[in-house]
Structures are given as structure tokens and as C-alpha cells.
Amino acid sequence: MENYEGLVHRGFSAAPDVQDPAVLAWLIRRNGLEMSRISRGSHIGSVFSVAEIIAVLYTGILHVDPANPQMPDRDRLILSKGHAGSAVYAALAETGFFPVEELKHHYANGSILSGHVSHKGIPGVEISTGSLGHGLSIGAGMAMGARMNGEDWRTWVVLGDGECDEGSVWEAALQAAQFKLDRLVAVVDYNHMQSLFTVEKTLQLEPFESKWRDFGWNAESVDGHDVRALRAAFERAMDNAGSGKPSVVLAHTVKGKGVSFMENNILWHYRTPQGEEYEAALKELEAQRP
Amino acid sequence: MRDAFVRALMEEMAANDRIILMTGDLGFGVLQPLWDHYPDRIINAGIAEQSMVGMAAGLAATGKIVFVYSIGNFPTLRPLEQIRNDCAYPGANVKIVCVGGGFVYGSLGMSHHATEDMAIMRALPGVTCFAPGDPAEAEATTHAAVRTNGTCYLRLGRGNEPKVHEGPVTDWHLPAPLTIREGSQIALLSSGGILTQTAEAARMLEKRGISAEVVSFPCFKPMDQFAVKELSERFGILLTVEEHNVTGGFGSAICEIVAELGNGCRVYRVGLHDLYTAVVGNQQYLREVYGMDAESIADRAEALLHEKRTDA
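Attention here is on the structure that accompanies the text.

Scoring rules and cut-offs
- Residues numbered from 1 in each chain as written.
- Chains lettered and ligands numbered in written order.
- Predicted model: local features only at pLDDT ≥ 70, side-chain atom pairs only at ≥ 80, totals over all residues.
- Heavy atoms only, no water.
- Pairing = 2+ DSSP bridges.
- Helix = DSSP H or I, 4+ residues; strand = E, 2+ residues; numbered from the N terminus.
- Axes fitted to C-alpha atoms, helices over the stretch in contact; angles between N-to-C directions.
- Contact = heavy atoms within 4.5 Å.
- 1 Å grid on protein atoms, 1.4 Å probe; cavity = no way out; pocket = protein on both sides within 12 Å on 5 of 7 lines; lining within 4 Å.
- Points joined across faces, edges and corners; volume = space filled by probe spheres on them.
- Nonpolar A, V, L, I, M, F, W, Y, C, P; charged D, E, K, R; others polar.
- Expected span 1.5 Å × (residues − 1).
- Buried area = accessible area lost by both parts, 1.4 Å probe.
- Salt bridge = Lys/Arg side-chain N within 4 Å of Asp/Glu carboxyl O.
- Polar contact = N/O pair within 3.5 Å; in protein donor to acceptor, adjacent residues only side chain to side chain.
- Buried < 20%, exposed > 50% of the residue type's maximum accessible area, 1.4 Å probe, protein only.
- Arc of directions from axis to C-beta.
- Core = buried A, V, L, I, M, F, W, Y, C linked by side-chain atoms within 4.5 Å.

Comments concerning the sheet that holds strand β2 (residues 42–44) of chain B
Residues and elements named next belong to chain B.
Moving on, step 1. Read across the open sheet, the 7 strands follow the order β2-β1-β3-β4-β6-β5-β10; overall the sheet is mixed. Each edge of the open sheet is held by one strand with a lone partner, namely β2 and β10 (219–221). Looking at each pair of strands side by side, their axes are set apart by 20° on average, direction ignored.
Moving on, step 2. Both strand β4 (residues 94–99) and strand β6 (residues 151–156) contribute to a ladder of 5 bridges, which runs parallel. Across the sheet, the residue bridging to Lys 95 is Cys 152, located in β6.
Moving on, step 3. Across the sheet, helix α3 (residues 49–60) is in contact with β1 (19–23), β2, β3 (65–71) and β4; its angle to β3 comes to roughly 165°.
Moving on, step 4. Against the sheet, helix α4 (residues 80–88) touches β4, β5 (127–130) and β6, its axis set at about 140° to β6.

Points about empty space enclosed by the protein
All names here are of chain A.
Moving on, step 1. The full count for this structure, using the stated rule, is 3 cavities of 30 Å³ or more.
Moving on, step 2. Put simply, the largest cavity is a space of about 90 Å³.
Moving on, step 3. Elements with a minimum of two residues in the lining of the largest cavity: α2 (21–39) and α3 (44–61).
Moving on, step 4. No other element matches the 4 residues that α2 contributes to the lining of the largest cavity.
Moving on, step 5. Lining the second largest cavity are Tyr 58, Leu 62, Val 64, Pro 69, Arg 74, Asp 75, Arg 76, Leu 77, Leu 92, Phe 97, Gly 124 and Glu 126.
Moving on, step 6. Of the residues assigned to the lining of the second largest cavity, the class counts are 7 nonpolar, 1 polar and 4 charged.

Observations regarding helix α11 (residues 294–311) of chain B
Helical geometry: 3.6 residues make up each α-helical turn, so side chains three or four residues apart lie on a common side.
Moving on, step 1. For α11 of chain B, spanning 18 residues, the distance from its first C-alpha to its last is 26 Å, which sits close to the expected 26 Å at 1.5 Å a residue.
Moving on, step 2. Summarising the contacts, the buried residues of α11 of chain B are in contact with β8 (186–190), α7 (195–207), β11 (237–245) and β12 (266–272) of chain B.

Considering the environment of Leu 113 of chain A
Residues and elements named next belong to chain A.
Moving on, step 1. Within the fold, Leu 113 resides in the loop between α4 (85–94) and α5 (135–148).
Moving on, step 2. Between the C-alpha atom of Leu 113 and that of Gly 85, which follows or precedes it by 28 residues, the distance is 8.7 Å.
Moving on, step 3. If near-sequence neighbours (up to four positions away) are discounted, Leu 113 is found in contact with Tyr 89, Phe 98, Glu 102, Leu 103, His 106, Tyr 107 and Ile 122.

Here's the deal with the interface of chain B and chain A
Moving on, step 1. With 24 residues of chain B in contact, the opposing surface of chain A contributes 24 residues.
Moving on, step 2. Buried area between chain B and chain A, both sides added, is near 1900 Å², and the carbon and sulfur share of it is 59%.
Moving on, step 3. Its largest share of buried area at the contact with chain A, chain B owes to Met 55, Thr 62 and Tyr 89 of chain B, together 29% of the area lost on that side.
Moving on, step 4. Counting across the interface, chain B meets chain A through 0 salt bridges.
Moving on, step 5. Inspection of the chain B/chain A interface yields 11 residue pairs in polar contact (both at pLDDT 80 or more).
Moving on, step 6. At the level of elements, β2, α3 and α4 of chain B are the ones that each hand at least two residues to the side of chain B that touches chain A.

So, helix α8 (residues 225–235) of chain B
Residue and element names in this part refer to chain B.
Moving on, step 1. Residues of α8 that are buried: Ala 227, Val 228, Leu 231, Ser 232 and Phe 235. Across the axial projection of α8, the buried residues extend over an arc of 130°, all falling on one side.
Moving on, step 2. Structurally, α8 contributes buried residues whose contacts are with β8, β9 (212–216), β11, α9 (250–261) and α11.
Moving on, step 3. For α8, the capping residue at the N-terminal end is Asp 224, with a side-chain oxygen 3.2 Å from the backbone nitrogen of Phe 226.
Moving on, step 4. At the exit of α8 stands Gly 236, carrying a positive phi of roughly 70°.

Focus: the environment of Ala 287 of chain A
Moving on, step 1. Along the chain, Ala 287 of chain A turns up in helix α10 (residues 275–287).
Moving on, step 2. Along the chain, Ala 287 of chain A and Leu 24 of chain A lie 263 residues apart, while their C-alpha atoms are 16 Å from each other.

Some details on the nonpolar core
Moving on, step 1. Counting residues in hydrophobic clusters, the biggest one holds 77 residues, and the most contacted among them are Leu 136, Trp 212 and Trp 217 of chain A together with Leu 238 and Ile 254 of chain B.
Moving on, step 2. The next biggest cluster of nonpolar side chains, apart from the first, holds 60 residues, and it includes Val 56, Ala 90, Leu 92 and Trp 156 of chain A.

Focus: the sheet that holds strand β3 (residues 184–190) of chain A
All names here are of chain A.
Moving on, step 1. Sheet architecture is open: 5 strands sit in the order β1-β2-β3-β5-β4, paired in parallel fashion. On the outer flanks of this sheet lie β1 (76–79) and β4 (218–223), each paired with one strand and no other. Strand after strand, the sheet turns through a mean of 20° between neighbouring axes, direction not considered.
Moving on, step 2. Bridge analysis of β3 against strand β5 (residues 247–252) gives 6 bridges, and the strand direction is parallel. Across the sheet, residue Val 187 finds its bridge partner in β5, namely Val 249.
Moving on, step 3. In this fold helix α9 (residues 227–239) packs onto β2 (155–160), β3, β4 and β5, with an angle of close to 170° to the strand it touches most, β4.

Here it is as C-alpha cells:
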């Protein structure tokens, strides 16, 4: 295993502006690039598409405390598209749940930082995912449990668009609406690409927003890379508590966002940047340093 | 066993408000006492077993002890991955309850025959597996499932089974097997609702001059290794009985232990021999067709003893 050389964000980690979502999103990509290079792991395109979603959640939306990750009234986040786990690992590390240094062990033999997000031994991760179509059901159960317990924390579930091919997502969508789980918020990273083809060429989800609405949800679409728009949409979803309906935010994103040659290129669902590709990606990211 | 389960669960729910029950739109009539007493703690998740089990895992994460109720293969094979990833892996307090283990829904056809569930559930690390043999065992295992931390599987029979135990099963600690009848020539080991047939087989054998011990295993995972060792050493010949495919099931679990002991004990497994049913009929009819009714069990035991004598 190589050293985590060029540990980029060292100067950033201690910076107070890690609470700026644009800064955190950049750190997610910058860490994601390193993790992908060192581990030779895949799914960098998904990590880049979900970066702003995760960054906005961890900068003022989620009620969580890095010093007390098991705080009883914390909000719960489930990354149902577990393959973008390094985005959550980076956000947790950068916001102080565990040392940023740990990220270099991603994918490594004996590491706790598996390719798909895992709760075993990682502060701040609620439950392991990786097989698609599980997270929304678990989130619905958590939301129902909170209500039964008279607790007012929220449950957030981040889904992939390809993941919405799974029937279990729609089972959960029916149940969450039936049980009026209005403190449950789903966010779909709608990058329009899945494993082999585009969403449109695989199983068309459109009309996606109205599909959710027809299932009994509050639904809205937003630019998933615009941190202000995301924050506003998330706040509206939070305000829906009391509406008797769960809420979904369809965040339109670009797979591989931030590195020109990765954007909208299915290859980067699998490929890991090495050598010149790494250098080129690094150069582009550095140019975007906030 | 259904009613015994509901009775035991009622008691547990009265004592512990963390216990809730989810049903996959089944249990008409059977669950009525629970609906009547605890309407806020019964959730009909609809015909959506995968998401029901995922929700159960989420509820368990908020401190609940969640019983998930359905029939046949619906609460096991359909949401298997949710049981594995979302319940067993994090050790969620989810108790999967199947009504209709084996041929209970015989006439409904192969889709409703739960004949691989024991093997599949047993293969999941971290899942404690119960298959009570009669209503008394059903009550005892329901209480045990509440007290066992983590994910459990409770494989029940139907309603109105005959009693095998005279009174309630008390002072039982899992995974200990329960001796139903003492004997000296062969041991019949049974797990699940087929116990009635196994016990009847021993009575038939007695009339034929053969002394058979009957041992019920209401818990088939973990297995009581010491009890199995003792039985294998004392008898040297064991007949396992399950209303289930022999591949990977209860008999296989006994074989795994005995094979590693290497003490020369012979094990024969009564059950479905790698088949799906091809005919329809009630539970007892199918048991007869597939060689797991009392008479078939007795015949098999007698033949094994005969072979043993011939070999000697």
C-alpha cells in the first residue's frame, strides 16, 4: 500500500470553513480522488456526483455531533447507495468523527473502511449498506421507531437513481407514505447513469418526480451541485414534518462531476485514476479549490 | 403452535413495551388478540416482505424488539438478503416468525411448502434458530426468542397440533434438546412439528419390540454439541427427522457434529431427499408420500437396526 502522499487537505482539515458546504464538497472530491487512487477502488463517478448532497447534509442540516456520535437524538443518515461510501467517510473524517489520516486505509487489508459503507467500527455510520434497495426500508423503520418513542429526530436516506430499479425501494415508498412518516427524507442522487447504460436506456424512471408524488410523497427537483439550492430544498423537506407525508429531493447531478473527462462517462463507475489520469484529475480539482 | 405463539407473545408484550409485531398482511384471526390489546404495536406492512424486514431492522435500531410474522417461505426466502445484511450483520433484535414450516399448507402447493428454510436460515451467522415440536415448545421458544439478543428465526407449525409434552416446558435453556421418551436401541432426533410423528414412531417401535429414545431439538442453531456427542456415543446409531429437505437442514447439522467427532456413529436422515413436491395433499398425506409419517419413520428405524445387526 502506498503512502497517502500529498495529503492534500491537511491545511484544510483544521480550517473553520469546513462547515462551508462548498469547501466540504471539494474535500470530499479531493479525498475521494486520493482514496480511489490508493485503493484502486471503483465508483469515483458516484462519489463525485453525490459530493454536494453529502456536504450540505453534514454542514448544518444533520443534527449530529462528532464528539458524541451515538447522541440519542441525533439525526440518522443512511447511505443507501453504499458504493459511494468514500464520500461519507471523507465527510465524517473532515468534520471530526475520526482522523482524516484513517482515510488512507480505505479498501486496505484489515481496514474497517470497506468499499461499501460499513457501520462496524466507524463512528457516525448508522448501518452498513452495499446491496441496493435496502436503505429506504431501514430508514422508514427508524422513522417509525422515533415516532413510537416520541422522539423528534429525522431520518435521511441517500439513494442512487439506478437503485430505484429495485422493487424494495417502491415497497418502502408505499410503506413510508402509508405510515405518514413525515420525518423521513429521501434524497436521490439523480446522475442519470447506472452500471452499464444511462437510466433512460436501462429502466426509465421518468416521470420521476410525479412518480414519487403519486406514491404519496412530497417531491421536488433541484440542482444537486448547487449547495444553496440543495440546502433550501432540504430545509423545505424538514419543514414538511407535520404534513403527514415523507419527502423526497431529486438532486439532479452529473456522474463524475468536477473532472471533465470523468463527467457523464460510464467508464468512471469502475475505473480508478492512476498516473497521468490522476495528475490531470488532480490539476482540475486543484483549480476548483474554494 | 400459532396460538401458543400468540399467547406467549401476549405475555411478553404485557411485560415489555419495546416488543412490537409486524405482519406481511397475514394472520387473519390468529393475531386478533394482539390487535385487540396492542393496536399501536402491531404493524401491517402489507405484502412487501423485503421492505418489512428492512423496516424491522430500522425499528430495532431504535430499541424495539420486532417480531416479523408471515407464512411459509414469505418471511425467509423472499427477504433473505434483508435478514442477512440488515438484521443478522448488525445483530438487530428482529425475530422472524414463519407459520407453516414443512407441509402445513400442503394442499396449497409447492410455493407454500417451507422445505428449505431451516438450511438457509441456519447458514446465516448470528441467527438463532428455533423449530418447536409442539405447542408447549412453541411457547417456550417464543419466550426464548425475546430473551435472546439479536436476530432469531422461529419456525412454527400450524394451529391445533396435538400435544407431545404433557405440560408446559419449563426450566429449558437453549440450545438444550428435550428428551421426550427414553430408549436404549436407537435415538430418534426430531426438530419442528414433525415431532408428533417421531413420538408416534417410537410408540410403534415399542410394539415391535424396539426401544427408541425420542429427543426433540426446539433449537437447531446453535446446536447442543455436548448433547449430540452423548447421544452418538450412547447409541452409535441416530435417526434424524425433519419436515424439510435433508440438504443442509437439521439432519445435516447433526451429521456435521457427528462427523467431526469421528466416533463411528451412523446417522440416517428422514426428510425430503432433494425434492420439490410434485403432488398435492394435506400435511399428513404429504408426510406419508415422502416417507416422514410415523410408520415410515418406524420402518426406517427398524431397517437401520436390522442392518446394524447384519453388519455386526
